[in-house]
Amino acid sequence: HVPKIIPQKRIQQVHVEQVVEVPVPMMQEEIVHVPKIIPQKRIQQRHVEQVVEVPVPMTQEEIVHVPKIIPQERIQQQHVEQIVEVPVPMTQEEIVHVPKIIQ
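None of these values were measured; they are calculated from a predicted model.

Some remarks on the overall build of the protein chain
Across its full length, the protein chain carries zero helices and two strands. What you see for the protein chain is a C-alpha radius of gyration of 49 Å, clearly larger than the 13 Å of a compact globule of 103 residues, by over 25%. Its C-alpha atoms put the protein chain at 180 × 10 × 10 Å along the principal axes. Classification of the 103 residues of the protein chain by burial places 0% in the buried group. A sequence separation of at least 24 residues applies to 79% of the contacts in the protein chain between residues at least 6 apart. Looking at the protein chain as shown, the accessible area adds up to about 11,100 Å², and 56% of this sits on carbon and sulfur atoms. Seen as two clouds, the 10 positive and the 13 negative side-chain charges of the protein chain have centres 10 Å apart.

Put into C-alpha cells, the structure is as follows:
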C-alpha cells in the first residue's frame, strides 16, 4: 500500500463581535423659575412678583454600546490520507525438465 496525501481546502467563517460606542442624544427637562411681573392699577401702583414654572428643554448625551459584526475568513487545511491499492507485477520462477539427447 502506498499512501497518497491529498490536500483539501476548507473555508470557515467566524463572526467577531466588536463593541463601538455611539453617542445618542437624549432630551431632559428642567424646571426653571422665571419671575413674571404683572402691573396692577390701584390708587397706589405696586409691582407684584409671580413665580411661573417654565419647562426648558435640555440635551444630555449618553454613550450606548452597539455591537458591530465583522466577518472574517479563515482558511483551514487538513491533510487527508488515502490508501490506494497499486498492482505490482510479480515474477515467479518455474523449473522445466527438458530431455537431453545423447548420440
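Past the structure itself, the notes keep going.
Overview of a nonpolar patch on the surface
Taken together, Val-22, Val-24, Met-26, Val-64 and Val-66 make up a surface patch of nonpolar side chains, about 320 Å² in accessible area. Of all the secondary-structure elements, those providing two or more residues to the nonpolar patch are β1 (2-40) and β2 (46-84). Residue contributions to the nonpolar patch peak at three residues, all from β1. One can find Val-64 in strand β2. When its relative accessible area of 30% is taken as the criterion, Val-64 is described as partly exposed.

Some remarks on the environment of Pro-39
Locating Pro-39 in the fold gives a position in strand β1. Looking at Pro-39, the relative accessible area reads 62%, which means it is exposed.

Examining the environment of Gln-60
Tracing the backbone through its elements, the reader meets Gln-60 in strand β2. Using a relative accessible area of 42% as the deciding quantity, one classes Gln-60 as partly exposed. Sequence separation between Gln-60 and Pro-89 is 29 residues; the distance between their C-alpha atoms is 88 Å. Those residues in contact with Gln-60 that sit more than four places away from it in its chain are Val-24, Pro-25, Met-26 and Gln-28.

Here is what the cut-offs are and how they apply
Residues numbered from 1 in each chain as written. Predicted model: local features only at pLDDT ≥ 70, side-chain atom pairs only at ≥ 80, totals over all residues. Heavy atoms only, no water. Helix = DSSP H or I, 4+ residues; strand = E, 2+ residues; numbered from the N terminus. Rg over C-alpha atoms; globule rule 2.2 N^0.38 Å. Buried < 20%, exposed > 50% of the residue type's maximum accessible area, 1.4 Å probe, protein only. Contact = heavy atoms within 4.5 Å. Areas by Shrake-Rupley, 256 points an atom, 1.4 Å probe, with all protein chains shown as cover. Lys, Arg positive; Asp, Glu negative; His and termini not counted. Charge placed at Lys NZ, Arg CZ, Asp CG, Glu CD. Patch = residues over 30% accessible without salt bridge, like charges linked within 9 Å, V, L, I, M, F, W, Y side chains within 5 Å. Salt bridge = Lys/Arg side-chain N within 4 Å of Asp/Glu carboxyl O.

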